[in-house]
Amino acid sequence: MFFTELNNLQCKSYLIADLDAGKAAIIDPIYTNIDRYLGMLAYHKLTLDFVADTHTHADHRSACTAIKRLTGCNVLMHKLSPQPNVDDHYTDGDMLSVGAIKIKVLHTPGHTPDSVSFYVNEDRVLTGDVILIQGTGRADFAGGDAGDQYDAITSKLFTLPEETLVFPAHDYRGNTQSTIGAEKETNPRIAGKTRDEYIEIMDNLNLPLPERIQEVLQINQSEIDDDRIKFPLLAELNKVLQMEPELVKSRIDQAGADTVMFDVRELHEFNGELGHIKNSRLIPVADIPNQLESLEVFKDKEIILICRSGVRSTTAAAILKGLGFSNVNNMKDGMLKWNELGYPVERS
Ligand SMILES: [Fe+2]
């Protein structure tokens, strides 16, 4: 196996390659380094099987979609990822391969709901921002949960063999790798801590938000890269009314309900695996600026926004609220939850 970190920055991207098979994968590629990655692949005569992010990043723009457009490789993400341009969603325990190299997906939420770690070749683990070298990733972004993070680290990562090498998505002190054994013993955030103690520590970090969080999340979550749409502030996103799918269902079932549903995913998702709700209207988030005139008639109606996981639609709801729509709601947890509840869907 040929394995290397590619950026030499605080923000880490990893190349996993089988040189004999000429196959590679890049984990957590960053947008500003695409040329470097393509040069590296060409030099070693490698083709990309896939690119993947360990989670939806809030501090830098992901290069996954751009690399897919340039090379035709697949983009893989966890099934809770809000991203529209994902070819395959993985979940806990799935096995991926790069040539003869085997990679096991461990769902390790807490930093974000879609955080995973990749257990590569049974000798190293790429931990994203779940556990860092002598630290852990913050758990205070939307969907973060310190308790989940503690459980993921202690029950999944710390049960790997002690000599397993640890490669995180960030390091701010110049470290490049650690081991599970070392982190278990000396990581100041979590070594020897109870779940409650860990939550207490994480709740009191009081970290400032990353500088470019709004513009980065806009693209990483929704692929919106359009000057006409101003990404809502976090405070505005937090104010969006969240409606449980059960309530959405009962609203629809009420005879004569005057509710309108806007599904803000892409067409391939609308008619894809998860399907869509009968009578919902497809308006991809990125298309909202083009449709403002035709949406005007709905300004005072009850509107329910729908997407895959409830993240993109929360953004769309906040955008519509900002444009003066008076009764805007988001369907919490999106079509993933709707399907999980066994509610009916249509696919064309
Ligand atoms: Fe992160």
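Note that the coordinates shown come from a computational prediction; the quantities given were computed from them, not determined experimentally.

> Pulling in residues and values, what's your account of the nonpolar core?
Grouped together as the largest cluster of nonpolar side chains are 27 residues, with contacts concentrated most on Phe 262, Leu 295, Phe 298, Ile 303, Leu 305, Leu 320 and Phe 325. Elements with a contribution of two residues or more to this core: α6 (213–222), β16 (260–263), α10 (288–295), β18 (302–306) and α11 (311–322). In terms of residue count, α11 provides more of this core than any other element does, 5 residues in total. Once residues within four sequence positions are removed from consideration, Ile 303 is found in contact with Val 260, Phe 262, Phe 298, Phe 325, Asn 327, Val 328 and Asn 329. Listed in part, the 21 residues of the second largest apolar core include Ile 34, Leu 46, Leu 48 and Cys 73.

> So what's going on with the coordination of the iron ion? Which residues, and what values?
At the metal site, the iron ion is ligated by His 55 (NE2), His 111 (NE2) and Asp 129 (OD), and these contacts range over 2.1 to 2.3 Å. Going along the chain, you hit the donors of the iron ion in the pattern H-x55-H-x17-D. Linking His 55 in the loop between β4 (47–52) and α2 (64–71) with Asp 129 in the loop between β10 (124–128) and β11 (131–132), this pair joins segments that are 74 residues apart in sequence. This pair shows no difference in class: His 55 is buried, exactly as Asp 129 is.

> Can you tell me about the sheet that holds β10, naming the residues and giving the values?
On the basis of which strands lie adjacent, the open sheet formed by 6 strands has the order β7-β8-β9-β10-β13-β14 and mixed pairing. Of all strands in the sheet, those with a lone pairing partner are β7 (95–98) and β14 (178–179), marking the two edges. Relative to β14, strand β13 (residues 165–168) runs antiparallel, the two being bridged by 2 bridges. Across the sheet, the residue bridging to Leu 165 is Thr 179, located in β14.

> Which residues make up the pairing of strand β5 (residues 74–78), and what values go with them?
Burial of β5 is extensive: 4 of the 5 residues sit out of reach of the surface. Bridging between β4 and β5 involves 3 bridges; their strand directions are parallel. When the bridges of β5 are listed, Phe 50 appears paired with Asn 74. Note that the unit made of β4, α2 and β5 has a crossover that is right-handed. Here 3 bridges tie β5 to strand β6 (residues 88–90), and the two strands are oriented parallel to one another. Residue pairing in the sheet places His 78 in a bridge with Tyr 90 of β6.

> Which residues make up the pattern of salt bridges, and what are the values?
Following the criterion strictly, the structure yields 15 salt bridges and no others. Of the charged contacts in the structure, one is a salt bridge between Glu 162 and Lys 184, with a shortest N-O distance of 2.8 Å. Residue Glu 162 is found in the loop between α3 (146–157) and β13, and its partner Lys 184 is found in helix α4 (residues 180–186); the two are separated by 22 residues along the sequence. Residue classification places Lys 184 among the partly exposed residues on the basis of a relative accessible area of 32%. Measuring nitrogen to oxygen at the nearest pair gives 2.9 Å for the salt bridge that ties Arg 251 to Glu 302. In this pair, Arg 251 sits in helix α8 (residues 245–253) while Glu 302 sits in strand β18, placing the two residues 51 residues apart along the sequence.

> Can you tell me about helix α1 (residues 34–43), naming the residues and giving the values?
Taken together, the buried positions of α1 are occupied by Ile 34, Tyr 37 and Leu 41. Viewed along the axis of α1, the buried residues span an arc of 65°, placing them on a single side of the element. Exposed positions of α1 whose direction lies more than 90 degrees from the buried face are Asp 35, Ala 42 and Tyr 43. Those residues of α1 hidden inside the fold are in contact with β2 (14–18), β3 (23–27), β4 and α2.

> Any details on the domain arrangement of the protein chain? Residues and values, ideally.
Much of the literature gives interface size as the accessible area that the parts lose upon coming together. Partitioning the protein chain into domains gives domain 1 (2–203) and domain 2 (225–340). The gap between the C-alpha centroids of domain 1 and domain 2 is 31 Å. Contact with domain 1, which involves 9 residues of that partner, is made by 9 residues of domain 2. Counting the surface lost from both domain 1 and domain 2, the interface buries some 690 Å², and carbon and sulfur atoms represent 49% of this.

> Break down the sheet that holds β3 for me, with residues and values.
Hydrogen bonding along the main chain pairs the strands of a sheet, whether they run parallel or antiparallel. The sheet built from 6 strands is open, its strands ordered β1-β2-β3-β4-β5-β6 with mixed pairing. Each edge of the sheet is formed by a strand with only one pairing partner; in this case those strands are β1 (2–5) and β6. Each neighbouring strand pair of the sheet contributes to a mean axis angle of 20°, computed without reference to strand direction. Sheet analysis places β1 next to β2, joined by 4 bridges and oriented antiparallel. Residue Phe 3 lies in a different strand from β2, and its bridge partner there is Ile 16. Seen against the sheet, α2 touches β4 and β5 and runs at an angle of roughly 160° to β4.

> Can you explain the side chain of Asp 28? Please cite residues and give values.
Residue placement: Asp 28 occurs in the loop between β3 and α1. Not counting the four nearest positions on each side in its chain, Asp 28 is found in contact with Lys 12, Ser 13, Ala 52, Asp 53, Thr 54, His 55, His 57 and Ala 169.

> Which residues make up a negative patch on the surface, and what are the values?
On the surface, Asp 196, Glu 197, Glu 200 and Asp 203 cluster together into a negatively charged patch. Among the structural elements, Glu 200 can be located in helix α5 (residues 195–203).

> Residue-level account of the packing of aromatic side chains, with values.
Going through the model one piece at a time under the given rule, you end up with 7 aromatic pairs. Centre to centre, the rings of Tyr 90 and Phe 118 are 5.7 Å apart; their planes meet at 85°, and the pair counts as edge-to-face. Placement of the pair is Tyr 90 in strand β6 and Phe 118 in strand β9 (residues 116–120), with a sequence separation of 28 residues. There is no split in this pair, since Tyr 90 and Phe 118 are both buried.

Cut-off values and rules
- Residues numbered from 1 in each chain as written.
- Predicted model: local features only at pLDDT ≥ 70, side-chain atom pairs only at ≥ 80, totals over all residues.
- Heavy atoms only, no water.
- Core = buried A, V, L, I, M, F, W, Y, C linked by side-chain atoms within 4.5 Å.
- Buried < 20%, exposed > 50% of the residue type's maximum accessible area, 1.4 Å probe, protein only.
- Helix = DSSP H or I, 4+ residues; strand = E, 2+ residues; numbered from the N terminus.
- Contact = heavy atoms within 4.5 Å.
- Donors = N, O, S within 2.8 Å, 3.2 Å for Na, K, Ca; no water.
- Pairing = 2+ DSSP bridges.
- Right-handed = clockwise from strand over helix to strand, strands pointing away.
- Salt bridge = Lys/Arg side-chain N within 4 Å of Asp/Glu carboxyl O.
- Arc of directions from axis to C-beta.
- Domains from an automatic or database assignment.
- Buried area = accessible area lost by both parts, 1.4 Å probe.
- Axes fitted to C-alpha atoms, helices over the stretch in contact; angles between N-to-C directions.
- Patch = residues over 30% accessible without salt bridge, like charges linked within 9 Å, V, L, I, M, F, W, Y side chains within 5 Å.
- Areas by Shrake-Rupley, 256 points an atom, 1.4 Å probe, with all protein chains shown as cover.
- Lys, Arg positive; Asp, Glu negative; His and termini not counted.
- Charge placed at Lys NZ, Arg CZ, Asp CG, Glu CD.
- Phe/Tyr/Trp six-rings, centres within 6.5 Å; stacked < 30°, edge-to-face > 60°.

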